[in-house]
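An overview of the molecular structure
Each chain is listed here by its residues.
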Amino acid sequence: MKYVSGFLSIIIALFISSTAAGDVLVYGQVGGTVTLPRSKWGSERVLVQWYLGTNTQPLISRNAHGRETTEPQWKDRLSLSKTDFSLIINNIRLEDFKSFKCELKDFRPQPTSNVTTFRLSRVRVQPVSPLLAGKNLNLKCDIEKIVEGTQRIWQSPQKHDLNNDMRVQIKNDGSLTVMSVTGQDHGEWTCVVTYQGREAFANTPVTVIDLSPAHPQPIYTSVSSLSLLHLPCFFSNPPPLSWSDSQEKSIQGGRWTFTPSPAAGSNTRVVQTLVNLSLGPPLAWVVNQKRGLDVSALQRENLNLSLTKKGVTEGDRGEYTCAVEFQRDDTLKRSMRVEVLQVFSSPAPVAFVGQEVNLTCTLGQPLTSDLEVKWIPPRQSSLLALGSSPHPAHLTIPEARDINGGRWRCELWRNKTKLTSVEITLKIERVPMDVWLLVTICAAAVIFILLLILTVILIRRHRQRVMMPRRGKRRICRCKDPKPKGFYRN
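Residues numbered from 1 in each chain as written. Predicted model: local features only at pLDDT ≥ 70, side-chain atom pairs only at ≥ 80, totals over all residues. Heavy atoms only, no water.

Attention shifts here to the pattern of salt bridges. A complete count under the given rule lists 16 salt bridges for this structure. Among the ionic pairs, Lys140 bridges to Asp142, the shortest N-O distance being 3.9 Å. Between Asp165 and Arg167 there is a salt bridge, with the nearest N and O atoms lying 3.2 Å from each other. On the basis of relative accessible area, Asp165 is assigned to the buried category, the value being 15%. Using a relative accessible area of 24% as the deciding quantity, one classes Arg167 as partly exposed. If you follow the salt bridges from partner to partner, you end up with Lys140, Asp142 and Asp173 in one network. (Salt bridge = Lys/Arg side-chain N within 4 Å of Asp/Glu carboxyl O. Buried < 20%, exposed > 50% of the residue type's maximum accessible area, 1.4 Å probe, protein only.)

Further remarks concern unusual backbone geometry. Between Ser346 and Pro347 the backbone carries a cis peptide bond, its omega angle lying at 15 degrees. Tracing the backbone shows Pro347 in the loop between strand E27 (331–346) and strand E28 (350–352). Despite not being glycine, Asn415 shows a phi value in the positive range, around 55 degrees. Its location among the elements puts Asn415 in the loop between strand E32 (406–414) and strand E33 (417–429). (Helix = DSSP H or I, 4+ residues; strand = E, 2+ residues; numbered from the N terminus.)

Let us look at the pairing of strand E16 (residues 187–195). Within E16, eight of the nine residues are buried, leaving the element largely enclosed by the surrounding structure. Pairing analysis gives five bridges linking strand E13 (residues 151–155) to E16, with the strands arranged antiparallel. For Arg152, the partnering residue across the bridge sits in E16 and is Val193. (Pairing = 2+ DSSP bridges.)

Have a look at this one:
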């Protein structure tokens, strides 16, 4: 695979150990560079010849006048040191792990020679495939021939002390295990081989596929049609393969979800799916919620899953989660919380002179102890001197005046860092004359109607008294010829 060649492209330093009379053991790794050390010897004019094994034809030579000759098949990989007689081998191949012989001849003052045999021994660090964050990393530093007193020490990409990392296990055979890797473990891991104070380094790249680190603090923004909310989600260490080849990477999909903050006095939190990742081709977001989301980052750069939103409201408060799904139910997630600063006035942004006005700056919930607000009133305001911070989140103007009108700004701070700010324009107006005239007319009409009703009631009562008959004395009928009571015939 493509990443294997990258893993093997390392530079190996070396250390030397006597194996026999005149023999020197040198360690190297396939794909790396190694130096077979040979210090200066003899006079200034020495014939240097390097041989491979028992071959009689030198691979490279330098005559007494400094002229070098290299075998054609080795021309791009061999060179002699400018300061001594050392041999430098680049891009080591598997077939290079053999014996090399250095023969030096000096003809002044009399012909003498010196021969040193080197044994190039292989050091191998097993390559690993790219890992998803949360998986375990296993590395092993193998030495073909190891002598007593040799030690192997591992170094992480961050160069921190692995002995204090509870996730790390190192064994005597040179194997290393790192539990639950993160993006911090991405980079070159080094096996340091030491012997008698000399060091050799074997480096191997490790790719950890992980999303960008989550925000340690909430993302703060403010209510405004011009505010831009940016929700970052991208791979901190880009995968070695293109996103277009999603099948080889075993990516199954992805999504953004939103869990709004609960309303005051309510614990209801409904998870909403904002967008889903369609593998295509082409790779694209499928928008489920029409919230003014900008998903163009994915088209500009395949590894960028970030979202943006222009125009922020208090309804954008909540928790956003970016998730990428892989085979075997592996999922990478990053969650971030968005806090929206809002300012409003009561009873309304337009108030009349003499009216009480309340200004409130809020995140929709009480501020934590590490947060504070600062009010910046208009320059001409009578409340210009609010005293030292922190200012109250609820500000009261007992009697509004013309000088209190203008742009009020509320800033949210943490320690000495301003997180966000929001503004409101407060209008203070005098009650217009036509309003007073209308009030007077309405009051007069009400009084007239009341008087009219009272008059009608009085008139009706008067009429009822006039129409009522008077009660007189009881009259007795007197007849000229009264008759006694009883029945009579005509």
